[in-house]
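Residues per chain are reported as follows:
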Amino acid sequence: MALIVTHGWPGSIIEQMKIIDPLTNPTAHGGNASDAFHLVIPSLPGYGYSGKPTTTGWDPVHIARAWVVLMKRLGYTRFVAQGGDWGAVIVDQMGVQAAPELLGIHTNMPGIFPNDIDKAAFSGAAAPSGLSVDEKVAYERLQFVYQKGIAYGFQMGLRPQTLYGIADSPVGLAAYFLDHDARSYELIARVFDGQSEGLTRDNITIAWLTNTALSGARLYWEDWNEVVYFDAKGVSIPVAVSVFPDELYPAPRSWAESAYPRLIHYNKVDKGGHFAAWEQPQLFSEEVRAGFRSLRSAVE
């Protein structure tokens, strides 16, 4: 089965390096040969080794269409897609567009919030009445993201070019990438404290050496008029959802089922966060295998 995997910000293809062997060679990692994937792991436009767009219009909707073109040019007539962070927004858009070649998507940051709930969280309003325990936790976590954690998104969405000051400062770039919000900083910092579990230091290096801090930031500007990161978007194709406890919000099953009428997999795992493939490659790979297993007959 062919699988295209999409990273986010401030990420890069480094996020997916640890999952390549578990997904392409599952028997070496406790899986079955029948669960193997052909992997395609592109850099987002403007990120890392990808070209820097010279025209406007490279928003998630455009990138979603481009990924289908890419997979078809590579010769894949049936494939699936996976994403987290911006990658999650892009695979949601792929699901909305529902190209006939796309069998389904897997997301670890599902767009599941009803529109009125998303707007209420953005406004800072108290949790609406009638929410279940899981829904209230998700609401409060999303509200925290909007009120305390996403200032970097507003800055890049409104004035990405003003970040040129960090484009020639590796220390400034590292500080901006690592401390873009309090919760992510806490998790990212583990590797700098000598802990084995967590992220690597390499991601900042790619942005620095390829001079893509600003071109990557412009993705927020491209999407600013839409700002539909976390709400339900009307995906009609099969969807697999993995809920990692330290994600920005834990997606409740109730909202996942409503947002994705063809939900084929939903599972809450014990550990892992926003950069799931980076932090928990084995667990992440097991989730991807399980999520797409029911679709494999379509490519045989």
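So, how was this worked out
Residues numbered from 1 in each chain as written. Predicted model: local features only at pLDDT ≥ 70, side-chain atom pairs only at ≥ 80, totals over all residues. Heavy atoms only, no water. Pairing = 2+ DSSP bridges. Helix = DSSP H or I, 4+ residues; strand = E, 2+ residues; numbered from the N terminus. Axes fitted to C-alpha atoms, helices over the stretch in contact; angles between N-to-C directions. 1 Å grid on protein atoms, 1.4 Å probe; cavity = no way out; pocket = protein on both sides within 12 Å on 5 of 7 lines; lining within 4 Å. Points joined across faces, edges and corners; volume = space filled by probe spheres on them. Nonpolar A, V, L, I, M, F, W, Y, C, P; charged D, E, K, R; others polar. Buried < 20%, exposed > 50% of the residue type's maximum accessible area, 1.4 Å probe, protein only. Arc of directions from axis to C-beta. Contact = heavy atoms within 4.5 Å. Right-handed = clockwise from strand over helix to strand, strands pointing away. Salt bridge = Lys/Arg side-chain N within 4 Å of Asp/Glu carboxyl O.

> Before we move on, could you go through the sheet that holds strand S2 (residues 38–40) and cite the residues and values that matter?
One open sheet holds the 6 strands; their spatial order is S2-S1-S3-S4-S5-S6, and the pairing between them is parallel. The two strands at the open ends of the sheet, each matched to only one other strand, are S2 and strand S6 (263–268). Averaged over all pairs of adjacent strands, the angle between their axes in this sheet comes to 15 degrees, without regard to strand direction. Pairing of strand S4 (residues 102–107) with strand S5 (residues 239–243) involves 3 bridges; the strand directions are parallel. Counted as the bridge partner of His-106 is Ala-240 from S5.

> Residue-level account of the layout of surface pockets, with values.
As a volume, the largest pocket reaches approximately 210 Å³. Considering the residues around the largest pocket, the lining is formed by 16 residues, among which Val-145, Asp-181, Arg-183, Ser-184 and Leu-248 are closest to the centre. Secondary-structure elements contributing two or more residues to the lining of the largest pocket are helix H5 (133–149) and helix H9 (182–188). Looking at the lining of the largest pocket, its residues break down into 8 nonpolar, 3 polar and 5 charged. Counted as a void, the second largest pocket has a volume near 180 Å³. Along the wall of the second largest pocket there are 13 residues; nearest its centre are Pro-53, Thr-55, Thr-56, Arg-218 and Glu-222. Among the elements that make up the lining of the second largest pocket, the one with the highest residue count is helix H11 (residues 213–222) (5 residues).

> Pulling in residues and values, what's your account of helix H8 (residues 170–178)?
Among all positions in H8, only Leu-173, Tyr-176 and Phe-177 are buried. One side of H8 carries all its buried residues, which in axial view fall inside an arc of 95 degrees. If you follow the buried residues of H8, they end up packed against helix H6 (151–158), helix H7 (164–167), helix H10 (202–210) and H11.

> Kindly report on the pairing of strand S3 (residues 79–83), identifying the contributing residues and their values.
Most of S3 sits out of view: 5 of its 5 residues are buried. By the alternation rule, side chains of S3 split into Phe-79, Ala-81 and Gly-83 and Val-80 and Gln-82, which are all buried. For strand S1 (residues 2–6) and S3, the ladder comprises 5 bridges, and the chain directions are parallel. Residue pairing for S3: Ile-4 is matched across the bridge by Ala-81. Sheet topology note: the S3/S4 ladder contains 5 bridges and is parallel. Following the sheet pairing, Ala-81 is matched in S4 by Ile-105. Of the crossover connections in this fold, the one passing from S3 over helix H3 (residues 86–97) to the parallel S4 is right-handed.

> Quick rundown of the pattern of salt bridges? Include the residues and the values.
Throughout the structure, instances matching the rule amount to 6 salt bridges. Among the salt bridges present, the one from Lys-72 reaches Glu-101, with a minimum N-O distance of 3.5 Å. Residue Lys-72 is found in helix H2 (residues 60–73), and its partner Glu-101 is found in the loop between H3 and S4; the two are separated by 29 residues along the sequence. A relative accessible area of 46% means that Lys-72 is categorised as partly exposed. By relative accessible area, Glu-101 is classed as buried at 14%. With a closest N to O distance of 3.3 Å, Asp-134 and Lys-268 form a salt bridge. Taken together, the residues Asp-134 in helix H5 and Lys-268 in strand S6 connect sequence positions 134 residues apart. Taking relative accessible area as the criterion, Lys-268 reaches 42% and is therefore assigned partly exposed. Here the salt bridges do not stand alone but share partners, grouping Asp-35, Arg-293 and Arg-296 into one network.

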